[in-house]
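# Inside the fold
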Amino acid sequence: MRFALEKSAEHLEKGLKLEQEGDLKGARYNLLEAAAFLYKAAEKSEPSLKRKRIERAESILQRAEALGQRLAGKPAWGVIPQAESAGGASEWMVFEKPDQRLRDVAGLEEVKEQIRIRMIYPFTHPELARRFGIKKGGGILLYGAPGTGKTMLARAVAGEIEAAFFTVKPSEVMSKWVGEAEQNIARLFSEARKHERAVIFIDEVESLIPRRRDSHSTVMQRVVPQILSEMEGFASGKESGKALLFMGATNEPWALDEAVLRPGRFDEKVYIPLPDFEARLEMLYFHLRDKPLSADVSLEELAQMLQGYSGADIRRICEKACDIPFVESVKTAEERDVEKRDLLSVMQQVKPSVSAKALERFERFASQR
Ligand SMILES: Nc1ncnc2c1ncn2[C@@H]1O[C@H](COP(=O)(O)OP(=O)(O)OP(=O)(O)O)[C@@H](O)[C@H]1O
Ligand SMILES: [Mg+2]
């Protein structure tokens, strides 16, 4: 699998370079190879990574197809031509004002408190923060298994301080960054600085800031130091009174460049574990409270049984369980509640998406920090 991933990265790099040089045919060939190797790697990946790798492969494939269209003399769809893309940041940079709050995130009490101390209280209580010399803002890295609420937490932080929320997803943007990575990063940070309060969130941060020695990519060799220095400037909060936070999330913390973990960059590295009993109960309550539930459903009992499941799994189980009586009610014209057997039958189908092995690796990494 390692081989397929490396091959994919090599072809991608080459493809993007050729495209920049105007060799569309060569570029297309390499992008197709890159996508094919990535699909191959995806096949052998565990479910969570599999999904991401397939998405990434699809975005590469899209770009290859667009090249094909250009080769055939048709207008390119889905891709803004290089010359025009300077104004097209909306393609890769998403900007919004989330309405989520930290209280919407189930469990993770310690993590939420850590986030409040570092990122919320200093902005809601600036006078106190000044008196006690509390540093404002900074960088925080969330790592852990997929579906544990990392993205949700990042949005909730922005929601909590009513900040502008900038998201960048490397897998979606990398193919659009040909020769423009430096400008794009500079622009991302300068856009964020225009706001009184802003959160920059980079998902899959390991693919943007990989260990340099592992990466064959020359783009990465140039871009990583730039991101690191932007991060330092951003996180140090030089602009007084401004709230600028930088958050990253990853499922592969060990693949991150070491330098990014130093203070001044990601000051806090926070492990996001699977939900504990209380958190599972909270989630079940959240998803099922307004549904017609039969008396034989005990949320406590379910929460016990759902040990090992992620927040995303639990949401899925609740949704699928509600489908069963819904469909039956439609077909029989006789309405019935969600019963215990519905939840149990869905649990038979939906297994925990995070393997014990993957979990162990996270825990080992967390204990070494
Ligand atoms: N702690 C939580 N509290 C409430 N809901 C949660 C929690 N964790 C996960 N969920 C549910 O699972 C969904 C997916 O979570 P989210 O996208 O935040 O996970 P993630 O950790 O960012 O995953 P990935 O690593 O795949 O990006 C959320 O939209 C939410 O419905
Ligand atoms: Mg996420």
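Every value quoted in this text rests on a predicted model; they were computed, and no experiment measured them. (Residues numbered from 1 in each chain as written. Chains lettered and ligands numbered in written order. Predicted model: local features only at pLDDT ≥ 70, side-chain atom pairs only at ≥ 80, totals over all residues.)

### Focus: the overall build of the chain
Looking only at helices and strands, the chain features 15 helices and six strands. Out of the 369 residues in the chain, the part that is buried amounts to 36%. In the chain, once contacts between residues fewer than 6 apart in sequence are set aside, the share between residues at least 24 apart is 77%. (Helix = DSSP H or I, 4+ residues; strand = E, 2+ residues; numbered from the N terminus. Buried ≥ 20, exposed ≤ 12 C-beta atoms within 10 Å, placed from the backbone. Contact = placed C-beta atoms within 7 Å.)

### Side note on the packing of helix H1 (residues 2-21) against helix H2 (residues 24-43)
In a packed pair of helices, the relevant descriptors are the angle between the two axes and the axis-to-axis distance. At a minimum axis separation of 7 Å, H1 and H2 run at an interaxial angle of 160°. Here H2 runs roughly antiparallel to H1, going by the angle between their axes. The two elements H1 and H2 cross, and the hand of that crossing is left-handed. Contact residues: Ala-4, Leu-5, Lys-7, Ser-8, His-11, Leu-12, Lys-14, Gly-15, Leu-18 and Glu-19 in H1; Leu-24, Gly-26, Ala-27, Asn-30, Leu-31, Glu-33, Ala-34, Phe-37, Leu-38, Lys-40 and Ala-41 in H2. Grouping the constituent residues of the contact of H1 with H2 by class yields eleven nonpolar, five polar and five charged. (Axes fitted to C-alpha atoms, helices over the stretch in contact; angles between N-to-C directions. Parallel < 35°, antiparallel > 145°, perpendicular 65-115°, else oblique. Left-handed = near helix turned anticlockwise from the far one by under 90°. Nonpolar A, V, L, I, M, F, W, Y, C, P; charged D, E, K, R; others polar.)

### Description of the pairing of strand S2 (residues 138-143)
Where burial is concerned, most of S2 is hidden: six out of the six residues are buried. Here S2 shows no split at all, with Gly-138, Ile-140 and Leu-142 on one side and Gly-139, Leu-141 and Tyr-143 on the other all buried. Relative to strand S5 (residues 243-250), S2 runs parallel, the two being bridged by six bridges. Across the sheet, Leu-142 pairs through a bridge with Ala-249, a residue of S5. Pairing analysis gives four bridges linking S2 to strand S6 (residues 268-271), with the strands arranged parallel. Note on S6: the bridge partner recorded for Leu-141 is Lys-269. (Pairing = 2+ DSSP bridges.)

### Things to note about unusual backbone geometry
Although it is not a glycine, Glu-162 sits at a positive phi angle of roughly 50°. Take Glu-162: it is sitting in the loop between helix H6 (150-160) and strand S3 (164-168). Overall, Glu-162 belongs to the partly exposed group, with 13 C-beta atoms counted inside 10 Å. Phi is positive for Glu-204, close to 50°, though the residue is something other than glycine.

### Brief notes about the packing of helix H13 (residues 311-332) against helix H14 (residues 340-349)
H14 packs onto H13 with a crossing angle of 125° between their chain directions and a minimal axis gap of 9 Å. On the basis of their axis angle, the class for H13 and H14 is oblique. The crossing of H13 and H14 is right-handed. Contacts from Ile-317, Lys-320, Ala-321, Ile-324 and Pro-325 in H13 reach Asp-342, Leu-343, Val-346 and Met-347 in H14.

### Re the pairing of S5
Counting buried positions along S5 yields eight of eight residues, so the element is predominantly enclosed. Residues Ala-243, Leu-245, Met-247 and Ala-249 line one face of S5 and the alternating positions Leu-244, Phe-246, Gly-248 and Thr-250 line the opposite face, and both faces are buried.

### Concerning the nonpolar core
Ranked by internal contacts, the top residues of the largest apolar core, which has 59 residues, are Leu-142, Ala-154, Val-157, Phe-166, Val-199, Ile-200 and Met-247. Mapping this core onto the domain boundaries places at least three of its residues in each of domain 2 (87-273) and domain 3 (277-353). (Core = buried A, V, L, I, M, F, W, Y, C linked by C-beta atoms within 7 Å. Domains from an automatic or database assignment.)

### A short note on the environment of Pro-170
As for its position among the elements, Pro-170 is in helix H7 (residues 170-173). Residue classification places Pro-170 among the partly exposed positions, given that 18 C-beta atoms sit within 10 Å. Not counting residues up to four positions away in its chain, the partners in contact with Pro-170 are Glu-204, Ser-207 and Leu-208.

### Focus on the site of ligand 1
Near ligand 1 lie 20 residues; those nearest to it are Pro-146, Gly-149, Lys-150, Thr-151 and Gly-311. Among the elements of the structure, H6, helix H11 (277-288) and H13 are those that each provide at least two residues to the shell around ligand 1. By residue class, the composition of the shell around ligand 1 is ten nonpolar, seven polar and three charged. Inspection of the shell around ligand 1 shows a minimum of three residues originating in each of domain 2 (87-273) and domain 3 (277-353). (Near = placed C-beta within 6 Å.)

### Details of the confidence of the model for the chain
Predicted coordinates in areas of low pLDDT are best not read in detail. For the chain, the average pLDDT comes to 83, and 87% of its residues sit at 70 or higher. Note that residues 75-88 has pLDDT below 50 and, in this model, 16 contacts with residues that lie over four places away or in other chains. (pLDDT = per-residue confidence, 0-100.)

### Re the environment of Leu-256
Relative to the elements of secondary structure, Leu-256 occurs in the loop between S5 and S6. Separated by 49 residues in the primary sequence, Leu-256 and Ser-207 have C-alpha atoms spaced 7.9 Å apart. Each residue touching Leu-256, except ones within four places of it in the same chain, is listed here: Val-205, Glu-206, Ile-209, Arg-211, Thr-250 and Leu-261.

### Section: the environment of Phe-189
Relative to the assigned elements, Phe-189 resides in helix H8 (residues 181-193). Spatially, the C-alpha atom of Phe-189 lies 8.5 Å from that of Met-231, the residues being 42 residues apart in sequence.

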